[in-house]
Amino acid sequence: MANSEKNSGGNEVLVLLLLALAGYLLPWITAPNAAMTLNAFDLAEWTSLHPLQQQATPPLIAPLLLRAQLSILAALITLWSTGRKERFLAFLFVALLSVSQLPPLEFLSNVADPNYRQLLFLAIATILLSTGLGFILPAQFQPLVIIFLAVSGIVTSLVGQSQAIGLYQVTLEQGATGGGLWLTTGAYAAFIFYALPNFRNRR
């Protein structure tokens, strides 16, 4: 019975991770022009090139908040993985997410570019955070950290998208919030729902 409950919970968590990632890849901003309907990944890249973001204090905060979702998802999957096979798949997933965050090869000839440096920082942070949480964090603290990561994901998603759509509407005078944002934040909220019972039981 315990094994079936564990497998069921693992399957549900996998579904939540896939939903959150799917939401990240679905539109976070929609526009009449399909070419300017952007998911979180593309929206982060678009805002990183916007002069107002490059001159902001701190600079490039909107793309940082949007890109941080991949680091948060990578950390969540390592915390939910338990068996050896699950851990292998989790760290393979983490490695793929980290590679996807790496700056282009042009970074080697332009290391001073703040956008490229942010991408490199996030790629390294994704590996270090996920590895640290997966191997070092005691099991009794995992529910609390999962809740913290999920809340952070909701806050950073909403704030990052809010800043980005503000720039978008100022620049293009059109654009509305897409369903991808709500799918990702909804998946984060479900993570909190599943982690809360474990957190209460270990207090």
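Residues numbered from 1 in each chain as written. Predicted model: local features only at pLDDT ≥ 70, side-chain atom pairs only at ≥ 80, totals over all residues. Heavy atoms only, no water.

(A) Looking closely at the pairing of strand β1 (residues 27–30). Here β1 pairs with strand β2 (residues 38–39) via 2 bridges, running antiparallel. Within the sheet, the bridge partner assigned to Pro27 lies in β2 and is Asn39. Bridge analysis of β1 against strand β3 (residues 176–177) gives 2 bridges, and the strand direction is antiparallel. Looking at β3, one finds that Ile29 is bridged to Thr177. (Pairing = 2+ DSSP bridges. Helix = DSSP H or I, 4+ residues; strand = E, 2+ residues; numbered from the N terminus.)

(B) Structural view of the side chain of Thr126. With respect to the helices and strands, the residue Thr126 is situated in helix α6 (residues 114–135). Judged by relative accessible area, Thr126 falls into the buried class, the value being 0%. There is a polar contact of 2.7 Å between the side chain of Thr126 and the side chain of Gln101. Polar side-chain contacts of Thr126 include one of 2.8 Å to the backbone oxygen of Leu122. Ignoring anything within four residues of it in the chain, the contact list for Thr126 reads Ser71, Ala74, Val94, Ser98 and Gln101. (Buried < 20%, exposed > 50% of the residue type's maximum accessible area, 1.4 Å probe, protein only. Polar contact = N/O pair within 3.5 Å; in protein donor to acceptor, adjacent residues only side chain to side chain. Contact = heavy atoms within 4.5 Å.)

(C) Quick look at the sheet that holds β2. The strand order across the open sheet built from 3 strands is β2-β1-β3, with neighbouring strands paired in antiparallel fashion. At either margin of the open sheet sits one strand with a lone partner, and together these are β2 and β3.

(D) A look at the pattern of salt bridges. Taken as a whole, this structure holds 1 salt bridge when the rule is applied. We note a salt bridge from Glu45 to Arg67, for which the minimum N-O separation is 3.1 Å. One end of the pair, Glu45, is in helix α2 (residues 40–48); the other, Arg67, is in helix α4 (residues 61–80), with 22 residues separating them in the sequence. Given the relative accessible area of 33%, Glu45 is considered partly exposed. (Salt bridge = Lys/Arg side-chain N within 4 Å of Asp/Glu carboxyl O.)

(E) View of the packing of helix α5 (residues 84–101) against α6. Two elements in contact, α5 and α6, have axes separated by 8 Å at closest approach and are oriented at 165 degrees. By the angle between their directions, the pair α5 and α6 is classed as roughly antiparallel. For the element pair α5 and α6, the recorded crossing hand is right-handed. Residue-level inspection shows Arg87, Phe91, Val94, Ala95, Ser98 and Gln101 of α5 in contact with α6, the latter providing Leu119, Leu120, Leu122, Ala123, Thr126, Ile127, Ser130, Thr131, Gly134 and Phe135. By residue class, the composition of the contact of α5 with α6 is 9 nonpolar, 6 polar and 1 charged. (Axes fitted to C-alpha atoms, helices over the stretch in contact; angles between N-to-C directions. Parallel < 35°, antiparallel > 145°, perpendicular 65-115°, else oblique. Left-handed = near helix turned anticlockwise from the far one by under 90°. Nonpolar A, V, L, I, M, F, W, Y, C, P; charged D, E, K, R; others polar.)

(F) Representation of the confidence of the model for the protein within the structure. With 91% of its residues at a pLDDT of at least 70, the protein reaches an overall mean of 86. Note on residues 1–8: pLDDT is under 50 here. Beyond four places in sequence and across chains, it has 1 contact. (pLDDT = per-residue confidence, 0-100.)

(G) Spatial organisation of the nonpolar core. Among the nonpolar cores identified, the biggest contains 42 residues, and Leu76, Leu149 and Phe191 are the most heavily contacted of them. Element by element, the count of residues in this core is highest for α4, at 9 residues. Here Leu149 is in contact with Ile72, Ala75, Leu76, Leu79 and Leu133, once residues within four sequence places are set aside. (Core = buried A, V, L, I, M, F, W, Y, C linked by side-chain atoms within 4.5 Å.)

(H) Representation of the environment of Gln169 within the structure. Position of Gln169 among the secondary structure elements: in helix α7 (residues 142–172). With relative accessibility at 38%, the residue Gln169 sits in the partly exposed group. Separated by 23 residues in sequence, Gln169 and Ile146 place their C-alpha atoms 34 Å apart. A distance of 2.9 Å separates a polar atom in the side chain of Gln169 from the backbone oxygen of Gly175.

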